[in-house]
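A look at the structure
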Amino acid sequence: MTDARADTLDGIRRALKRGKLDEQAAAPLAARLKAHKRNLIPKRAAGLDHRGQIALFTAMAEGVNATVARVASAQDVPGAVAEYLSRLNLPSRLVVTPDPALDDIPWAKRPLLEIRKGRAEDGDAVGVTACSAAVAETGTLMLHSGPESPTRNNFLPDTHIVVLRANQVAASYEDGFDQLRRKFAKPEGGFSMPRTVNFITGPSRTADIEQRLELGMHGPRRLHIVLIDDGQA
Amino acid sequence: MAAENRKPRVALFVTCLADLFRPSVGFAAVKLLEQAGCAVEVPRAQTCCGQPAYNSGDRASAKKIARQVIDAFQDFDYVVAPSGSCTGMIKVHYPALFADEPETLTRAKELAARSYELISFLTDVMKLERVDARFDGTATYHDSCSGLRELGVKAQPRKLLASVKGLTLAEMRDAEICCGFGGTFAVKYGDISGKIASEKCANVEASKAATLLAGDLGCLLNMTGKLKRLGRKTRVWHVAEVLAGMTDGPAIGEPMGEAEGE
Amino acid sequence: MKPTSHAFKENARAALGDVNLQKAMTNLRAGFVERRALMISRLPEWDGLRDEAVAIKRHTLANLDFYLESFERNVIANGGKVHWCRDAAEANATVLAICRDLGAKTVTKGKSMIGEEMAVNEYLELNGMIPVETDLGEYIIQIRHEGPSHIIAPAIHLVKEQIAESFRATHTKLDPKRPLDDARQMCDEARGILRQQFLAADVGITGANFLIAETGSSIIVTNEGNGDLTQTLPRAHIVLASLEKIVPTLEDAATILRLLARSATGQEFSSYTTVSTGPRRPSDIDGPGQYHVVLLDNGRSAMLGTEFEDMLRCIRCAACLNHCPVYEAVGGKSYGWVYPGPMGSVLTPTLVGIEEAGNLPNASTFCGRCESVCPMRIPLPKMMRHWREREFSRHLSPASWRWGLAFWTFFATRPRLYHAASGAAARMLGFFGKRRGRFRSLPLASGWTGSRDMPAPQGRSFHSLWKSRS
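Treat the numbers as computed from the prediction; the structure is a model and nothing was measured. (Residues numbered from 1 in each chain as written. Chains lettered and ligands numbered in written order. Predicted model: local features only at pLDDT ≥ 70, side-chain atom pairs only at ≥ 80, totals over all residues.)

Quick look at the overall build of chain A
Rules: Helix and strand definitions follow DSSP, with helices as H or I runs of at least four residues and strands as E runs of at least two, each counted in order from the N terminus. With C-beta atoms placed from the backbone, the exposure class of a residue follows from how many other C-beta atoms lie within 10 Å of its own: 20 or more, buried; 12 or fewer, exposed; in between, partly exposed. We call two residues in contact when the distance between their C-beta atoms, placed using the backbone, is within 7 Å.
Secondary structure summary: chain A contains six helices and 12 strands in total. With the C-alpha coordinates aligned to their principal axes, the bounding extent of chain A is approximately 70 × 45 × 40 Å. The burial tally for chain A puts 45% of its 233 residues in the buried class. Once local pairs closer than 6 in sequence are excluded, the contacts in chain A between residues at least 24 apart make up 73%.

Right, dumping it as structure tokens:
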């Protein structure tokens, strides 16, 4: 029984007309991986100051059918959420991720909001999460899995509300990657990715029926972003 | 030694389609070139550029024909053809054909460097800004694929057409989309070709232009054939014929006893 | 999926007469084509990004073994497994073994062209599993027992009435009198049905748009969120990926991702771009317990170092399909296998053989629009021509064509003979065609005259006129 792995690698090397790369030949490749150099980054967001990036993020997110509500501080989040849900006639029962990033939100200020902290289940109408970063270039949110941020909370609820802080807005996806590398750095060097990193740009959608755009296919129908200025805007 | 003000010696590559179907295109090319200040010759040893063989996968035959072209056209300042696809064959594909034959490759590249499609030669090399011709009515222009994508011919015909007295250019939708000719494709996959040609004719119709123009006879024969089958009244010329003021006779596909519609 | 590419002409003829298909294909233009153009107009760095993407892929392919080994090391370091498979049979057996190991029954699937290549659904069904497609387009064709007609929009060949009919025939537990008149109603119905499937699935299978060597990750790009529910909820996540999906770093993936959604659907970025690395971590509260990457060769390594190597850069965006006049005329099914359009015309012969798929690279006008819109600058017409060269040298093209070509070459290399013949032909055809100016029919040219007239020659050849002039 021949070894598929060896066969495949041998086939590749035969096609490339060489043997396995020795350590010296492989060194520049290993270095390239280690350096993870950035390629061309479009100026669209990278060329703006932070205020400009926040404005761009907002415009891009709204351009893909997300909604953005700006508030001054964490204190204002419960009110903004309550107002959003009531305006759209949505239920006031929320599943909120047990994320420490949401600890400073005083949900008690809006007692009519029923809060459950934990993992989302099917049937949850509204879910609230934090996020790790926001990419101004295309109005994209970066979220990752963890003990306090289960991935399913981004997908099961009908409405997904994301609490974003102004200082989380960055220019590019590459800024997001660097953040992950810092956050999950290993003491021995390198970093270890979380199980899932989601880049979310607007709510779920499909155009599979006659190319007609419909929002809310399998993931959330609505993506609402509450952007906390924290004096940054 | 050549005087600075010697007329450029241009060899006309007339193309097999113009030779067989519509010599007036060749004569229009000669007139335009001479008016622009060129001395035009027509090397006798030319037949075809070799594209039918090349696109059919017969490299050997394509090379034979290409070598003949390289030989026949070696002594001229420029080689000009009233066709984007033949010029593309010479400029883009001859070097590719001879990639494995260093000596012929050198000659092929050298030929490629002095080969041009007619209209872009007039504007880009001879620096022609306008023509002295008259054509009354609205015309629309189809961008032949090879001319457009291999040679960048787009603005040049429009520039010269803008100088034709009495002519209004009405751009059609999807002028840059293929007409469905594709050489042997039109015969091998005739029904698909016919459908693509129908789309093109619908766009011609929608432009409301009375006249259709293009720079390649393959496209022109194809589009004319479809227009006639559909019973359309659109008249079709090679752009060189309009620019040379040679539109008194029958247009493409029209009876050659009397003019259509009279 | 058994190829019917040999029947391309018949398939195409049927497609040209299919009213529903022709109506459906008109949706391509206003959607993908116009939006793509708009997106590109908003990104001045577009061509620079394309150049970088080409450089990344060339570098990666030249060092494919190194990067695949790095990838494997990192997958394992994060708790996942890599299964090397030489062909579809090995890959299918691997997937089944993983499912059986878990006692799995229901398998949800995100869209995967590799899965179509493997015909993994049929294989799983034959072996007692229940695979459920979750991408709406794939779900629709699954319940219709059809193959996909477009690599991004699998059901693009259908009008909504056909889809509603299939929903009614399949979702028999729902009220037969319910309205299914518009896309919204059908989407909501599918959402409800498939949500239950997501929750019940034992195993989730996705494809991969990219594999990242640096981190041992796979990336999927979706709009519906089905790929995410497929990979997050079940007990195991299986990734089906062919060798050439690999790129070195996250940054390299980002560069190509900037090209992908814009080229495919005319979006800045897809709704969901997800990077998956290994199974759930010990402290995670959701996620699959197992992460398997089925790394499939299936002819890819054989393309390296050949005149078809550039095809390995393809990112399956379908821009070439969307801009091809032949694809637009006949739709994807005509091509007879998994990959239609220009990219299918190059790739299909490598995977099913030129004897089976010879029609595909021949059914092209070489207009070059595909190459001009390809984000990865793949020279598609050139590779189609290479297939024609291989056919010619192996005498696979019809004898009549070979004779015709030999005849033409004989004359074309003998100018004096050629001119005499051309002069005679111009006179004869000119004589017969003079009165009407065109022919309704011509012997040996029914492919042409079947659908259009042939303009008549003017009556003398250019060379005979030029000769008599001087």
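Examining the overall build of chain B
Note the cut-off: Taken over C-alpha atoms, the radius of gyration is set against a globule rule of 2.2 Å times the number of residues to the power 0.38.
When helices and strands are tallied, chain B shows 13 helices and eight strands. Relative to the globule expectation of 18 Å for 262 residues, the C-alpha radius of gyration of chain B, 18 Å, shows essentially globular dimensions. Seen along its three principal axes, the alpha-carbon backbone of chain B occupies a region of about 55 × 45 × 35 Å. Here chain B holds 262 residues, and 60% of them are scored as buried. Excluding contacts between residues fewer than 6 apart, the proportion of contacts in chain B whose partners are at least 24 apart in sequence is 76%.

Considering unusual backbone geometry
Residue and element names in this part refer to chain C. Although it is not a glycine, His145 adopts a positive phi angle of roughly 55 degrees. Mapped onto the fold, His145 is located in the loop between helix H9 (136-143) and helix H10 (160-170). Since 7 C-beta atoms lie within 10 Å of it, His145 is described here as exposed. A positive phi angle, near 75 degrees, is found at Ala318, a position not held by glycine. Position of Ala318 relative to the elements: it lies in the loop between helix H14 (300-303) and helix H15 (319-322).

Structural notes on helix H12 (residues 217-229) of chain B
Residue and element names in this part refer to chain B. Selection criterion: In this scheme, a helix's expected span is set at 1.5 Å multiplied by one less than its residue total.
If you check H12, its first and last C-alpha atoms are 18 Å apart, about what 13 residues at 1.5 Å a residue would give, namely 18 Å. Counting buried residues along H12, 13 of its 13 residues qualify, which places the element largely inside the surrounding structure. Downstream of H12 by one or two residues, Gly231 has phi in the positive range, about 75 degrees.

Here we look at the interface of chain A and chain C
The condition that has to hold: Side-chain classes follow a simple rule in which Ala, Val, Leu, Ile, Met, Phe, Trp, Tyr, Cys and Pro form the nonpolar group, Asp, Glu, Lys and Arg form the charged group, and the remainder, Gly included, forms the polar group.
At the interface, 62 residues of chain A touch 79 residues of chain C. Every element with two or more residues in the side of chain A that touches chain C is listed here: helix H1 (4-15), helix H2 (23-35), helix H6 (173-183), strand S9 (196-200) and strand S10 (205-206) of chain A. With nine residues, the top contributor of residues to the side of chain A that touches chain C is H1 of chain A. The residue makeup of the side of chain A that touches chain C, split by class, is 25 nonpolar, 19 polar and 18 charged.

Quick word on the interface of chain B and chain C
As a measure of interface size, the accessible area lost when the parts come together is often cited. The partner chain C presents 54 residues to the 58 residues of chain B that form the contact. Mapped by element, the contributors of at least two residues to the side of chain B that touches chain C are helix H1 (16-21), helix H2 (23-35), helix H3 (51-55), helix H4 (59-72), helix H8 (145-151), helix H10 (185-188), helix H11 (190-206) and H12 of chain B. In terms of residue count, the dominant contributor to the side of chain B that touches chain C is H11 of chain B (seven residues). Of the residues contributing to the side of chain B that touches chain C, the split by class is 27 nonpolar, 17 polar and 14 charged.

What about the sheet that holds strand S8 (residues 246-247) of chain C?
Where we set the bar: Note on pairing: DSSP must find at least two bridges between two strands before they are called paired.
Taken together, the eight strands give an open sheet; going across it, the order is S8(A)-S5(A)-S6(A)-S9(A)-S9(C)-S6(C)-S5(C)-S8(C), and neighbouring strands pair in mixed fashion. Both outer strands of the open sheet, strand S8 (169-170) of chain A together with S8 of chain C, are each paired with one neighbouring strand and no more. Relative to S8 of chain A, strand S5 (residues 133-135) of chain A runs parallel, the two being bridged by two bridges. If you follow Ala134 of chain A over to S8 of chain A, its bridge partner there is Val169 of chain A.

Focus on the arrangement of the chains
The interface with the highest contact count, out of two pairs of chains in contact, is the one between chains A and C. With no contact between them, chain A and chain B keep their nearest C-alpha atoms 20 Å apart.

Details of helix H23 (residues 415-433) of chain C
Residue and element names in this part refer to chain C. Stated precisely, the cut-off is as follows: To obtain the arc, one takes the directions from the helix axis to the C-beta atoms.
Relative to the 27 Å expected for 19 residues at 1.5 Å per residue, H23 spans 26 Å between its end C-alpha atoms, a close match to the ideal helical length. Taken together, the buried positions of H23 are Tyr418, His419, Ser422, Ala426 and Gly433. Down the axis of H23, the sector holding all buried residues measures 95 degrees, keeping them to one side. Turned more than 90 degrees away from the buried face of H23 sit Arg416, Ala424, Met428 and Phe431, all of them exposed.

Observations regarding the sheet that holds strand S12 (residues 222-228) of chain A
Residues and elements named next belong to chain A. Defined as follows: Each axis is a line fitted through C-alpha atoms, and for a helix only the stretch in contact is used; angles between axes span 0 to 180 degrees, taken between their N-to-C directions.
If you trace the six strands from one edge of the open sheet to the other, you get S1-S12-S7-S4-S2-S3, paired in parallel fashion. Sheet topology places strand S1 (67-71) and strand S3 (114-117) at the edges, where each strand pairs with a single neighbour. Recorded for the sheet is a direction-independent mean angle of 25 degrees between the axes of neighbouring strands. Inspection of the sheet shows S1 paired to S12 by five bridges, in the parallel sense. In the strand pairing of S12, Thr67 is matched with His224. Along the sheet, helix H4 (residues 50-63) makes contact with S1 and S12, crossing S1 at roughly 150 degrees. Contacting S1, strand S4 (126-129), strand S7 (159-165) and S12, helix H5 (residues 77-87) runs over the sheet at an angle of about 155 degrees to S12.

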